[in-house]
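Tertiary structure, described
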Amino acid sequence: MVGHQRGRRRRPDLRGLMSPPLSLFTRPTPVEPAPRLAEAIGLDAGRLWIKRDDLIGLGGGGNKVRKLEITMAGAIAVGADTVVTTGAPQSNHARLTAAAAARCGLRSVLVLEGEAPDRLEGNLLLDRLFDAEIVFSGDRDAADVAAQEARARDAYLIPFGGTDARSAVAYRDAGLELLGQLPDVGTVVVAVGSGGTMAGLVTALGTHRVLGVATGAVPDAHATVAGFVTDMGSSPEGLRIDDARIGDGYRHLTPETRDALELAARTEGLVLDPTYTGRAMAGLRAAAATSGLAPGPVVLLHTGGLPGLFGHAEFPDGV
Ligand SMILES: *Cc1c(COP(=O)(O)O)cnc(C)c1O
């Protein structure tokens, strides 16, 4: 266990945050044109847009903050003083849970897969900065250990990726936010991890306007997303998921993802990450090359993940 003793935090007065419901960032996030990147992948210069959820300010930013507004409000409503969640060592969700907990005056326990690395890099460094208690699950199942820790501490358990049918509503709202910005949007491309982000978008935009790109975070991205869409009361009929970008698996960098990172950086000064948004861009590029994009504007949802670039086992050698 990496961690240390600390005193109990004083419970802050959260009433201002709770009504209106917990607000952790300034909306709407911007939608920016990417003309040079568009042309580099064979699209008309005016057709490609980036929805910048990476610019959400809290804790280094990213899509998990939208879901955490709902989840943390739930934790506060039941009077929890600690939240527990789980993920890979470089989990963006774990990092942002720790940041959201700090912002709300709660403690956080992160149960991460495997063994403690020698150096705390990337997301792990930020986890420590946010004063999360980090537990490595070793060869035990991280979700089981998280459930145990939550019971032992009478803490609020946040699911893998922060996703359940309730928190995924945050991305229905984000889909509506995007429709306000680009009413004729044809395709939104999004990386699929725990599935909540894509599921929420589908309930706002329909299956035909969302292209998910699987990252290997869950064994069957299609079944996972379809399950949440159904639980949210919508139909998963026609769900579109590209599962050809996983390569050797979630933690590994693929050559086409590395190319996508370089292309976005060199055409737009836009930084993608090696696990999620780089794969999404590789999927977008493949869809553009095979006319897999519906007519109308194309949006890459930038879901964040920058710290993972600095914590990725293969990335420094891959440039
Ligand atoms: C978690 C994550 C995703 C995927 O979101 P899910 O709702 O878990 O599918 C995409 N991009 C980044 C950077 C993430 O951290």
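Residues numbered from 1 in each chain as written. Predicted model: local features only at pLDDT ≥ 70, side-chain atom pairs only at ≥ 80, totals over all residues. Heavy atoms only, no water.

The criterion, for reference: UniProt positions are given in the numbering used here, feature names are shortened, and annotations may be inferred rather than shown by experiment.
By the naming in an unreviewed UniProt entry, the protein goes by Pyridoxal-phosphate dependent enzyme and is assigned to Actinomycetospora atypica. One UniProt comment on the protein, placed under Sequence similarities (unreviewed entry), says "Belongs to the ACC deaminase/D-cysteine desulfhydrase family." What UniProt records for the protein under Cofactor (unreviewed entry) is the sentence "pyridoxal 5'-phosphate".

1. With respect to the sheet that holds strand 3 (residues 82-87)
The condition that has to hold: When DSSP finds two or more bridges between a pair of strands, those strands are recorded as paired. Strands are runs of DSSP state E lasting at least 2 residues, helices are runs of H or I lasting at least 4, and numbering of each runs from the N terminus. Throughout, a residue-residue contact means that at least one pair of heavy atoms, one from each residue, lies within 4.5 Å. To get an axis, a line is fitted to the C-alpha atoms, and for a helix only the part in contact is used. The angle between two axes follows their N-to-C directions and goes from 0 to 180 degrees.
What the four strands build is an open sheet, ordered 5-4-3-6; its pairing is parallel. Since the sheet does not close on itself, it has two edges, and those belong to strand 5 (133-136) and strand 6 (156-157), each with one partner. Each of strand 3, strand 4 (107-112), strand 5 and strand 6 touches helix 6 (residues 142-153); the most contacted strand, strand 3, lies at about 175° to it.

2. Thoughts on a nonpolar patch on the surface
Filter applied, for reference: Surface patches are drawn from residues lacking salt bridges whose relative accessible area is over 30%; two like charges belong together within 9 Å, two nonpolar side chains (Val, Leu, Ile, Met, Phe, Trp, Tyr) within 5 Å. Throughout, the Shrake-Rupley method with a 1.4 Å probe supplies accessible areas, and for residues the shown protein chains are the sole cover considered. Each salt bridge in this description consists of a side-chain nitrogen of Lys or Arg and a carboxyl oxygen of Asp or Glu lying within 4 Å of one another.
Together, Val 271, Leu 306 and Phe 310 give the surface a local cluster of nonpolar side chains, amounting to about 290 Å² of exposed area. Along the polypeptide, Phe 310 turns up in the loop between helix 12 (306-309) and helix 13 (315-318).

3. Digging into the nonpolar core
Applicable threshold: Definition used in this section: a nonpolar core is a set of buried Ala, Val, Leu, Ile, Met, Phe, Trp, Tyr and Cys residues joined via side-chain atoms within 4.5 Å. For every residue, the accessible area obtained with a 1.4 Å probe (protein chains only) is divided by the maximum for its type, and the residue is called buried under 20%, exposed over 50%, and partly exposed between those limits.
Of all hydrophobic cores here, the largest spans 30 residues; its most connected members are Ile 41, Leu 43, Leu 48, Val 189, Met 281, Leu 284 and Leu 300. Mapped onto this core, the elements with two or more residues apiece are helix 2 (35-40), strand 2 (48-52), strand 7 (187-192), strand 8 (210-214), helix 10 (255-268), helix 11 (277-289) and strand 10 (298-302). Among residues more than four places away in sequence, those in contact with Met 281 are Leu 37, Ile 41, Ala 260, Leu 272 and Leu 300. Among the nonpolar cores identified, the runner-up in size contains 29 residues, and Val 185, Ala 221, Met 232 and Ile 241 belong to it.

4. Considering helix 4 (residues 92-104)
Where we set the bar: One less than the residue count of a helix, multiplied by 1.5 Å, gives the span that helix is expected to have. N or O atoms closer than or at 3.5 Å make up a polar contact, with two conditions inside protein: a donor-capable atom paired with an acceptor-capable one, and, for residues adjacent in sequence, both atoms drawn from side chains.
Given a rise of 1.5 Å per residue, 13 residues ought to cover 18 Å, and the 18 Å separating the end C-alpha atoms of helix 4 matches this to within 8%. For helix 4, the tally of buried residues reaches eleven of 13 residues, placing the bulk of the element in the interior. Among all positions in helix 4, only Asn 92, His 93, Ala 94, Arg 95, Leu 96, Thr 97, Ala 98, Ala 99, Ala 100, Ala 101 and Cys 104 are buried. Contacts made by the buried residues of helix 4 are with helix 3 (64-77), strand 3, strand 4, helix 5 (123-129) and helix 12. At the N-terminal end of helix 4, a side-chain oxygen is found 3.2 Å from the backbone nitrogen of His 93, two or three residues along, and the residue is Ser 91. One or two steps after helix 4, the chain reaches Gly 105, where phi turns positive at roughly 75°.

5. Observations concerning the domain arrangement of the protein
Selection rule: Here the bounds of each domain stem from an automatic or database domain assignment. Summed over both partners, the accessible surface that disappears when two parts come together, traced with a 1.4 Å probe, is what is meant by buried area.
Once the domains are mapped, the protein shows domain 1 (31-62 + 165-309) and domain 2 (64-162). If you average the C-alpha positions of domain 1 and of domain 2, the two centres end up 24 Å apart. Taken together, the 26 residues of domain 1 in the interface contact 25 residues of domain 2. Interface area for domain 1 against domain 2, summed over the two sides, is near 1900 Å², with a carbon-plus-sulfur share of 58%. Of all residues in domain 1, Leu 58, Ser 167 and Pro 307 bury the most surface against domain 2, accounting for 28% of the area lost on that side. Residue Glu 177 is joined to Arg 66 by a salt bridge in which the shortest nitrogen-to-oxygen separation is 2.9 Å. In this structure, the connection of domain 1 to domain 2 is made through eight residue pairs in polar contact (both at pLDDT 80 or more). Secondary structure elements with two or more residues in the side of domain 1 that touches domain 2: helix 7 (169-181), helix 8 (196-205) and helix 12.

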